[in-house]
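In case you want the letters, here they are:
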Amino acid sequence: MKSIAIVGASLAGLNAAETLRREGFNGRLVLFGDETHRPYDRPPLSKEIARGDWPPEKIALPVDALLDDAEWKLGCPVTGLDAAGRTLTYGDGKSESFDGIVIATGAAPRRLPGTDIQGVHVVRTLDDAIALRDDLARPGCRVVVVGAGFVGQEAAASARKLDLAVTMLESVAPAAHVLGAEIGGIIADMHRRHGVDVRLGVAAAAFEGAKRLERVHLSDGSVVAADVAILGIGVTPNTAWLEGSGLTIDNGVVCDEACFAAPGIVAAGDVARWPNHRYGELRRVEHWDNAVRQAEHAAKRLLAEAGGVHPGAYAPVPWFWSDQYGLKMQLVGSPVAHDEVRIVFGSGEEERFVALYRRGDRLVAAMGLAATGKLLKFRKMLENDPSWDEALAAV
Ligand SMILES: Cc1cc2nc3c(=O)[nH]c(=O)nc-3n(C[C@H](O)[C@H](O)[C@H](O)COP(=O)(O)OP(=O)(O)OC[C@H]3O[C@@H](n4cnc5c(N)ncnc54)[C@H](O)[C@@H]3O)c2cc1C
């Protein structure tokens, strides 16, 4: 293999590039990124950057000297791919073929109709976070958070840390689609204790204001005065540029169990959808840890095309964290379609607990708040598909 292009110059793209070099690829390496920034870390965007605690320079991701000779094409969206010829189209219609391609284009936040109004924000990029930071600095700013997934929850916690009035809207309960209604309810109570007006079972119906946002109309007919709204209603994978490429696109780039999408093409990070054998279905994972590990795996799989060692199936136990109110929330494993959730340590009121998730007779996930040490035990245990009884015995 003489040339490899990486599309998406962020966490997964950077880790793929570094792995390729570490594994001995010394050919031409090109990183395409549609943002103008060098790679940076996204988790602080909804926390330290939104609050104005850190300058943007602080979140730059360190780049290994192994990439000194890589070509960075930043501010340069790739607009098309012909998978058969491994040909990329970019810039003002240039096209170029490569021996290998890593797709790492991540995901973009969903928006709602009628939200193209000043004061309504999403938080995905550094530019988004800077715009939000500047708006949150407005004295007496009133904030509505639409959607209480993890990014929405973090944005709410950041706004409360700035002592702003915050209303959070969610259809069921925070992160209930992942964690279940019971844990979602505990999280809702945590936000209430920290001063958030949590409204469940309602949605934002309309955003209104003359020059900028002034109020949000809710689906129950009520109206909330607001200067800032933050949309945290999930993301969609960045695959529009792959239409007609010949790859299978279905809620992400569909790959095999080793992140292989087509001859000479692999995918990693938020954009990749692959069958994790542990869970037996195609999934995308939108976590920092997965972007790093999957990128390393995909890079090795790509080099296997040129005689490198095949890395086998990629079957991690997912791990995710979220920082809110000075507390670390963590989830290991996959609670999807669980049969039971049981709090085995602490309680929601103490803001310190561990909850275990059972599917059939197996432990499938563990979630913890301010309980890193205890959660670590279950993280290790989940590698070996433990039974529910084993897990309970280890509490
Ligand atoms: C606000 C926020 C907070 C988060 N907090 C946490 C956390 O606390 N814990 C955790 O585990 N995870 C967290 N995450 C998730 C984590 O940051 C992501 O899982 C991770 O960034 C995914 O990396 P990626 O490289 O796959 O995608 P991305 O980071 O999205 O990068 C993809 C890059 O590709 C670029 N791109 C897209 N299309 C093209 C194209 N056609 N041509 C060229 N470039 C393109 C994009 O602009 C982007 O720069 C958070 C995410 C956000 C947004």
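As the structure is a prediction and not an experimental result, all values here were calculated from the model.

What counts, and at which threshold
- All residue numbers refer to position in the chain's written sequence, counted from 1.
- Totals for whole chains, interfaces and linings use every residue, but because this is a predicted model, local features are given only for residues with pLDDT of at least 70 and side-chain atom pairs only at 80 or more, for both listing and counting.
- Water and hydrogen atoms were dropped before computing side-chain values, which therefore reflect all heavy atoms in the structure.
- Secondary structure elements are taken from DSSP: a helix is a run of H or I of four residues or more, a strand is a run of E of two residues or more, and numbering for both begins at the N terminus.
- The buried label applies to any residue whose accessible area, calculated with a 1.4 Å probe on protein chains only, is under 20% of its type's maximum; exposed applies above 50%, and partly exposed to all values in between.
- We call a residue near a molecule or strand as soon as one heavy atom of that residue lies within 4 Å of the molecule or strand.
- Within 3.5 Å is the distance limit for a polar contact, defined as a pair of N or O atoms, with the added protein rule that one can donate a hydrogen and the other accept it, and that residues adjacent in sequence qualify only through two side-chain atoms.
- Only rings of Phe, Tyr and Trp enter the pairing, Trp through its six-membered ring, and a pair is recorded when the two centres are within 6.5 Å. The plane angle decides the type: under 30 degrees is stacked, over 60 is edge-to-face, the rest tilted.
- Here, a charge over a ring means that NZ of Lys or CZ of Arg falls within 6 Å of the ring centre while also lying within 35 degrees of the ring normal.
- For salt bridges, the criterion is a side-chain nitrogen of Lys or Arg within 4 Å of an Asp or Glu carboxyl oxygen.
- Source of the domain bounds: an automatic or database domain assignment.
- Two residues form a contact once any of their heavy atoms are found within 4.5 Å.
- In short, buried area is how much 1.4 Å probe accessible area vanishes from two parts on joining, totalled over both.
- Here the expected span of a helix is defined as 1.5 Å times the quantity of residues minus one.
- In this analysis, strands are considered paired if DSSP registers two or more bridges between them.
- Geometry is summarised by axes, namely lines fitted to C-alpha atoms with helices restricted to the contacting stretch, and by angles between N-to-C directions that run from 0 to 180 degrees.

**Student:** Quick rundown of unusual backbone geometry? Include the residues and the values.
**Tutor:** Positive phi values are uncommon outside glycine, yet Arg 86 reaches one of about 50°. Inspection of the secondary structure puts Arg 86 in the loop between strand E4 (78–82) and strand E5 (87–90). Note on Arg 86: relative accessible area 23%, which makes it partly exposed. A positive phi is found at Cys 259, a non-glycine position, where the angle reads about 75°. For Cys 259, a relative accessible area of 0% puts it in the buried group.

**Student:** So what about the site of the ligand? Which residues, and what values?
**Tutor:** In the vicinity of the ligand lie 34 residues, with Asp 34, Glu 35, Arg 42, Lys 47 and Arg 124 positioned nearest. Take Ser 10: an N or O atom from its side chain is 2.9 Å from an oxygen atom of the ligand. Side-chain polar atom of Lys 47 to an oxygen atom of the ligand: 2.8 Å apart, as the coordinates give it. Counting residues per element, the ones that place at least two in the shell around the ligand are helix H1 (11–22), strand E2 (28–33), helix H4 (150–161), helix H7 (288–304) and strand E23 (319–324).

**Student:** Which residues make up the packing of aromatic side chains, and what are the values?
**Tutor:** Throughout the structure, instances matching the rule amount to six aromatic pairs. The interplanar angle of 50° and the centroid separation of 4.5 Å between the aromatic rings of Phe 150 and Phe 320 together place this pair among those described as tilted. Here Phe 150 is found in helix H4, whereas its partner Phe 320 is found in strand E23, with 170 residues between them in sequence. Of the two residues examined, Phe 150 and Phe 320, each falls in the buried class. Look at Trp 319 and Trp 321: their rings are 5.4 Å apart centre to centre, the planes differ by 35°, and that puts the pair in the tilted class. You'll find Trp 319 and Trp 321 in the same group, each marked buried. Feature note: the residues Phe 32, Tyr 90 and Phe 98 constitute an aromatic cluster, connected by ring pairs. Lying across the ring of Trp 72, Arg 38 places its NZ or CZ 4.3 Å from the centre. Looking at Lys 374, its charged tip hangs above the ring of Phe 345, at a distance of 4.5 Å from the centre.

**Student:** Tell me what's going on with the pattern of salt bridges, and back it up with residues and numbers.
**Tutor:** According to the stated counting rule, one finds 28 salt bridges in the structure shown. Two residues, Asp 53 and Arg 51, come together in a salt bridge whose shortest N-O distance is 2.8 Å. The partner of Arg 124 in a salt bridge is Asp 270, with the nearest N and O atoms 2.9 Å apart. Of the two residues, Arg 124 sits in the loop between strand E9 (120–121) and helix H3 (126–136) while Asp 270 sits in the loop between strand E20 (265–267) and strand E21 (272–276), which places them 146 residues apart along the sequence. In the salt-bridge network here, residues are joined through shared partners; they are Glu 18, Arg 22 and Asp 64.

**Student:** Would you mind going over the domain arrangement of the protein in detail, with residue names and values included?
**Tutor:** According to the domain assignment, the protein consists of domain 1 (3–50 + 60–108 + 236–304), domain 2 (111–231) and domain 3 (326–393). Taking only C-alpha atoms into account, the centre of domain 2 sits 28 Å from that of domain 3. On the side of domain 3, 15 residues touch domain 2, which itself brings 12 residues to the contact. The contact between domain 2 and domain 3 buries some 1000 Å² in all, and 69% of this surface belongs to carbon and sulfur atoms. Our count for the domain 2 to domain 3 interface comes out at one salt bridge. Ionic pairing is found between Arg 193 and Glu 351, a salt bridge with its closest N-O pair at 2.9 Å. Where the side of domain 2 that touches domain 3 is concerned, the elements lending two or more residues are H4, helix H5 (176–179) and helix H6 (181–193). Element by element, the count of residues in the side of domain 2 that touches domain 3 is highest for H6, at six residues.

**Student:** Describe H1, with residues and values.
**Tutor:** Working note: α-helix, 3.6 residues per turn, so residues spaced by three or four point in the same direction. With 12 residues, H1 extends 16 Å between its outermost C-alpha atoms, agreeing within 8% with the 16 Å of an ideal straight helix rising 1.5 Å per residue. Burial within H1 is extensive, with 11 of its 12 residues counted as buried. Those residues of H1 that sit buried are Leu 11, Ala 12, Gly 13, Leu 14, Asn 15, Ala 16, Ala 17, Glu 18, Thr 19, Leu 20 and Arg 21. On its buried face, H1 is in contact with strand E1 (3–7), E2, strand E3 (71–74), strand E7 (100–103) and H7. Downstream of H1 by one or two residues, Gly 24 has phi in the positive range, about 100°.

**Student:** A description of the sheet that holds strand E14 (residues 215–218) should follow, citing residues and the corresponding values.
**Tutor:** Spatially, three strands are ordered E13-E14-E15 in an open sheet, and the strand pairing comes out antiparallel. Of all the strands in the sheet, just strand E13 (204–208) and strand E15 (223–225) have a single pairing partner and so form its edges. When the angles between neighbouring strand axes are averaged without regard to direction, this sheet yields 20°. Of the pairings in the sheet, the one linking E13 to E14 comprises four bridges and is antiparallel in character. Following the sheet pairing, Phe 207 is matched in E14 by Val 216.

**Student:** Which residues make up H3, and what values go with them?
**Tutor:** Among the residues of H3, Leu 126, Asp 128, Ala 129, Leu 132, Asp 135 and Leu 136 are the ones counted as buried. Against helix H2 (48–51), E9, strand E10 (142–146) and strand E16 (228–231) lie the buried residues of H3.

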